[in-house]
Amino acid sequence: MNRCLYRTLFLAGFLLPALPAAADGLYLGAGGYLTDIEMESVSDDDITPAAFVGYQFLDSNFLMLSLELGYYDLGAASVSIDDERVSVDASALTAAGVAYLPLGPFIEVYGKLGVGAVEVESRFGDLKESDDSTEVFGGVGVAWDIFDTIDIYAEYLQFDNAVDSKMFGVGIRLDLF
């Protein structure tokens, strides 16, 4: 009996630091991204905006988990081929899960995985085509916690869509409560 009690107390001593997990709450974020888009004969880089709202439902010393809804402008590009204008424009509304690993009191690395409702509009001369699809996206990033409620982040995202969007961005995240 005493042996079982000692084992329980011993394990509890290791697990207690993880118990004060709490929800951090609602947050907003926005950033600017350098986007690389490629679709058939159209390839270009573009600077695009993004915005998201999220809820962090777990905040512990070892792991933080949140859910995000966002909007990402996936970029636009245009070229002239045989005197015909060819252009592509893409955007996505997203839902994602984010897992953060704190590397100390001010730095966090994270991974993001989700799905996006992607809209791709392409034009070849007077012919316009629109492609709506639901695609998987993911990425990795690092965040610097300036104050307890403000983070500066840098992340790389890739969307598996018709324009093969790859994005690198920086931005700010504000914890509301």
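Everything here concerns the structure above.
**A look at the overall build of the protein chain**
Here comes step 1: Assigned secondary structure in the protein chain consists of one helix and eight strands.
Here comes step 2: For the protein chain, the succession of helices and strands along the chain, N to C, is α-β-β-β-β-β-β-β-β.
Here comes step 3: Among the 177 residues that make up the protein chain, the fraction classed as buried is 34%.
Here comes step 4: Taking the intrachain contacts of the protein chain between residues at least 6 apart in sequence as the baseline, contacts between residues at least 24 apart amount to 55%.
Here comes step 5: In the form shown here, the protein chain has an accessible surface area of approximately 10300 Å², with 65% of it arising from carbon and sulfur atoms.

**With respect to the pairing of strand β5 (residues 107-124)**
Here comes step 1: Bridging between strand β4 (residues 84-102) and β5 involves 17 bridges; their strand directions are antiparallel. Its bridge partner being in β5, Ala96 is matched across the sheet by Gly114.
Here comes step 2: Counting the residues that bridge the hairpin from β4 to β5 gives four residues, and of these Gly104 lies at a positive phi of roughly 155°.
Here comes step 3: Sheet analysis places β5 next to strand β6 (residues 127-145), joined by 18 bridges and oriented antiparallel. What sits directly across from Val109, in β6, is Val142.
Here comes step 4: Linking two consecutive strands that pair antiparallel, namely β5 and β6, is a turn of two residues; a positive phi of about 65° is found at Gly125 within it.

**Quick notes on the pattern of salt bridges**
Here comes step 1: Per the counting criterion, the structure on display carries four salt bridges.
Here comes step 2: Here Glu68 and Lys112 are joined by a salt bridge, their closest N and O atoms 3.0 Å apart. Separated by 44 residues along the polypeptide, Glu68 in strand β3 (residues 64-81) and Lys112 in strand β5 bring together distant segments of the chain. The pair Glu68 / Lys112 is uniform in exposure class, with both members buried.
Here comes step 3: Across the pair Glu155 and Lys112 runs a salt bridge, and its minimum N-O distance is 3.3 Å. Taken together, the residues Glu155 in strand β7 (residues 150-159) and Lys112 in strand β5 connect sequence positions 43 residues apart. Here the two residues Glu155 and Lys112 agree in accessibility, since each one is buried.
Here comes step 4: In this structure, a network of salt bridges that share partners links the residues Glu68, Lys112 and Glu155.

**Thoughts on a negative patch on the surface**
Here comes step 1: Together, Asp89, Glu119, Glu129, Asp131 and Asp132 give the surface a local cluster of negative charge.
Here comes step 2: Structurally, the position occupied by Asp131 is in strand β6.

**As for the nonpolar core**
Here comes step 1: Counting residues in each nonpolar core, the largest one holds 25 residues, and the members touching the most others are Tyr33, Tyr72, Leu74, Leu157, Phe159 and Met167.
Here comes step 2: Counting residues per element, the ones that place at least two in this core are β1 (25-39), β2 (42-59), β3, β4, β5, β6 and β7.
Here comes step 3: The contacts of Phe159, once residues within four sequence positions are left out, are Tyr72, Leu74, Ala92, Thr94, Val136, Phe137, Asp164, Ser165 and Met167.

Rules used in this analysis
- Residues numbered from 1 in each chain as written.
- Predicted model: local features only at pLDDT ≥ 70, side-chain atom pairs only at ≥ 80, totals over all residues.
- Heavy atoms only, no water.
- Helix = DSSP H or I, 4+ residues; strand = E, 2+ residues; numbered from the N terminus.
- Buried < 20%, exposed > 50% of the residue type's maximum accessible area, 1.4 Å probe, protein only.
- Contact = heavy atoms within 4.5 Å.
- Areas by Shrake-Rupley, 256 points an atom, 1.4 Å probe, with all protein chains shown as cover.
- Pairing = 2+ DSSP bridges.
- Salt bridge = Lys/Arg side-chain N within 4 Å of Asp/Glu carboxyl O.
- Patch = residues over 30% accessible without salt bridge, like charges linked within 9 Å, V, L, I, M, F, W, Y side chains within 5 Å.
- Lys, Arg positive; Asp, Glu negative; His and termini not counted.
- Charge placed at Lys NZ, Arg CZ, Asp CG, Glu CD.
- Core = buried A, V, L, I, M, F, W, Y, C linked by side-chain atoms within 4.5 Å.

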